[in-house]
Structure formats: C-alpha cells, structure tokens
Amino acid sequence: MKNLLLAILLSMLATGPAHPQPTEGTSTYFPAPAGETERLVINGAADTSALKPLLLDFQQIEPNIAIDYTDFVTNDLYREADAACREEKEFGDLLMSSSVDQMVKLANDGCATPHVSAETRAVENHANSWRDEVYGFTFEPSVIVYHSDYVPPQDVPHTRAELADLLRRKQEFYRGHVATYDLRQSGVGYLLAFLDAEQNSTAYGRLLESMSRVDTQLRCCNNSVLADISNQKIYIGYNVIGSYAYAATLRDPKLKIVLPRDYTLVLSRAALIPQKARQPALAGRFIDYLLSERGRRVAREKSFFFSRDGTMPTDVDGPPSLIESGVGRIVRIGPALLATQDAAQRKRFIDDWTDVMTSGNNPQAD
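Residues numbered from 1 in each chain as written. Predicted model: local features only at pLDDT ≥ 70, side-chain atom pairs only at ≥ 80, totals over all residues. Heavy atoms only, no water.

Asker: Would you mind showing me how to read the pattern of salt bridges here?
Answerer: Pairing between side chains becomes possible if they bear opposite charge and their charged atoms approach one another. Inspection of every chain in the model, using the stated rule, returns 25 salt bridges. A salt bridge links arginine 39 to glutamate 36; the nearest nitrogen and oxygen atoms lie 3.0 Å apart. Notably, a salt bridge pairs arginine 213 with glutamate 209, separated by 3.2 Å at the nearest N-O pair. Taken together, the residues arginine 213 and glutamate 209, both in helix 9 (residues 201-213) and four residues apart, mark about one turn of the helix. Summarising the burial analysis for this pair, arginine 213 and glutamate 209 share the class buried. Within this structure, Glu36, Arg39 and Asp68 form a network of salt bridges that share partners. (Salt bridge = Lys/Arg side-chain N within 4 Å of Asp/Glu carboxyl O. Helix = DSSP H or I, 4+ residues; strand = E, 2+ residues; numbered from the N terminus. Buried < 20%, exposed > 50% of the residue type's maximum accessible area, 1.4 Å probe, protein only.)

See the structure below:
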C-alpha cells in the first residue's frame, strides 16, 4: 500500500475512462413562450433541474427563443465535443461543464469561438474567464455530505485528516457506506482528485488509504452519491459538488453539508461556444445573461445556491465566507489546467488511484 500511495503522490496524474459510458444524453425541449423565431442548442454537464430556472428566466427576456438542452456526463460531453471539433461537425451552440479543465483543453485545441461583449468585459474576476472563449458563471465548492442518522455530531469530519481518522477508527461501521467519484468515469471527479493531490499530497494519500480500507463505493456522478445517501445506502459522500448537495438537503433535511476546513476547492462551471456553432451570437447572448446581475441572482437563489459575494446558504457547516476565511481554493480557469489533461500524466494518476481504491480491504495494510 505504501508503494502505491507513493506512486500516486509522485506521479500526480491520470488516464481516460477505463470503461466507456454511453454518449447519449437526456434531452429536454423548452418551447419559446411567445412563438419560436430562433432555437438555442445547449449540450451540458449540468443537471437539467439545476439549469432549468436559468433557462426559463432567459426566455422571459428572450420570449421567442426555444431551447434544446441535453445533459451529459462530463467525460461523454468532452469526448463528443472533441470528436465534433476534429471532424469539423456541429455539436450544439453552447457547451457547459463543471470539468473546466476539459473546457480549457477544447479552447486550447482551437475548438471554441470567442465572445466579447459589455458583460464579458465587466467580469471582475479574471480567474473566471480565459482568452474570451471560456467563461465561468458559478461558484461551487466541493463538499463532504453525510446522513445525520448515521454520523453523530461528535464524528462529523471537518478536515480530510479527520475523515481519514474516522474511517480508520470505525472501519466496520463505514465499510461499504462511503462514496466518491469514479475517476475512470467522471471528468470533474478526476479534476478534483488531481487538485486534492496538488493541495496536500500527504493528507490526500492518507485519505485514499483510509477510503480503500472501507470499500469506498465509486460512482459516476453527484446525483448517484446523493441518492444513495438519501436512501441510507451511503453515510458519507466525499468531493460532492456543493450546489447539487445543497439542493439534495432541501429535499431531505437528514443530509448535511460540511465545507472542509483544511481547504475547500471551488469550481466555476464553464461555458464555451463551439467553433462550428450554428447560432454563436445567440449563444453569446445566453453567456451575457449568465454573467449579468440578473443571471447571477437567479443562479444563487434557484440553481447553484453558493456565490462568491453572497452569504452562505443556511444550515451549511462552514465559515461565513470561503474567500475571507482563507479556506476557499479557487480553481482558476486558464492554461495551468492543461496539465491535468496531459494524456500520460492523466493515465498514471488514474492508474495509481485505481490501484489504491480497488486494492481491497486489508486491515494489516501499512
């Protein structure tokens, strides 16, 4: 086990999905309220339920716009977008993803159309945009989620070290009842794991070891983890995107959220106009809406709940302000993220992670 952990800490990187997933997404049509004159086609790795308030509000401003939205898993979205780019084919008017490194890679490979407007020029935080091609529009912390019937207050972990210790102390209780992303399937799961290893390789390596001891369940997506917690199959979920987690707590108050106090990674979900978009100007208007004060307000109140400048949502266990507290670690949209997409490094990282996470539970492991 030590050798495997050492490998993951030294290599710091990863592989593409070992088990390809279906590329077909779930499509939803939003008819134009006042009769269709144009149609916006969006392909995104964002839950339709989360994006719906934003789409409907945009249609209040643009009542003649119909919207086709297809929801993908992050890796499937990237794979389809990359193939369409290389083959010079259409793949929607707008792409949206929490796997921002994949969006940066697409832009770097010449797969994006620039968009500049008064709204984009007014973006204050340049960590949220790159080359007038990739724009971040949310503030989404990566969190720990737990079921309060199974994790008593004295056991609630507030750091990765505390989570690792809890899983060591109560191995049998938590065996099979902890879940996180399967890096072989999830692009955003891979990105968060990569950044975890960058932030503190020692703490991350120890956490991986503890998670492997309790037969941690590996899932493709946030909602799979959250559904299992709500159904009491899973007691603790690690690295869940905070917006989805908070929406789940509104449905089931037994679910609780912790913002890790050692550090909390914060993603900004990104939007990009593909090079072969049929409606690039219309896609640009939707980006402008997302960046506008109105769009940010709807996102904060109805879709993604967290914001850089707003107050913390109620009943979230964390500092009042992630930024002012120093706990938040903003994932900057830019060329530094290209390192995560280096094919050789990506393969090594995921291979080493897989060796650890699927090595079985060996109480004698050292």
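After that view, the rundown keeps rolling.
Asker: It is not clear to me how the nonpolar core should be interpreted in this structure. Could you clarify?
Answerer: Within soluble globular proteins, side chains that are nonpolar generally end up buried alongside one another. Residues Leu40, Ile42, Leu94, Met96, Ile236 and Phe286 are the most contacted members of the largest nonpolar core, which totals 115 residues. The greatest single-element share of this core, amounting to eight residues, is contributed by helix 8 (residues 187-199). Once you skip the residues sitting within four places of it in the chain, isoleucine 42 turns out to touch Leu55, Ile67, Asp68, Tyr69, Thr70, Leu94, Met96 and Phe286. (Core = buried A, V, L, I, M, F, W, Y, C linked by side-chain atoms within 4.5 Å. Contact = heavy atoms within 4.5 Å.)

Asker: Would you mind showing me how to read the pairing of strand 9 (residues 178-181) here?
Answerer: Consecutive residues of a regular strand have side chains that alternate between opposite faces of the sheet. Direction of pairing for strand 9 relative to strand 11 (residues 236-241): parallel, over a ladder of two bridges. Pairing of alanine 179 across the sheet is with glycine 237, part of strand 11. Bridge count between strand 9 and strand 10 (residues 217-219): three bridges; the pairing is parallel. Among the inter-strand pairings, alanine 179 is bridged to a residue of strand 10, identified as glutamine 217. (Pairing = 2+ DSSP bridges.)

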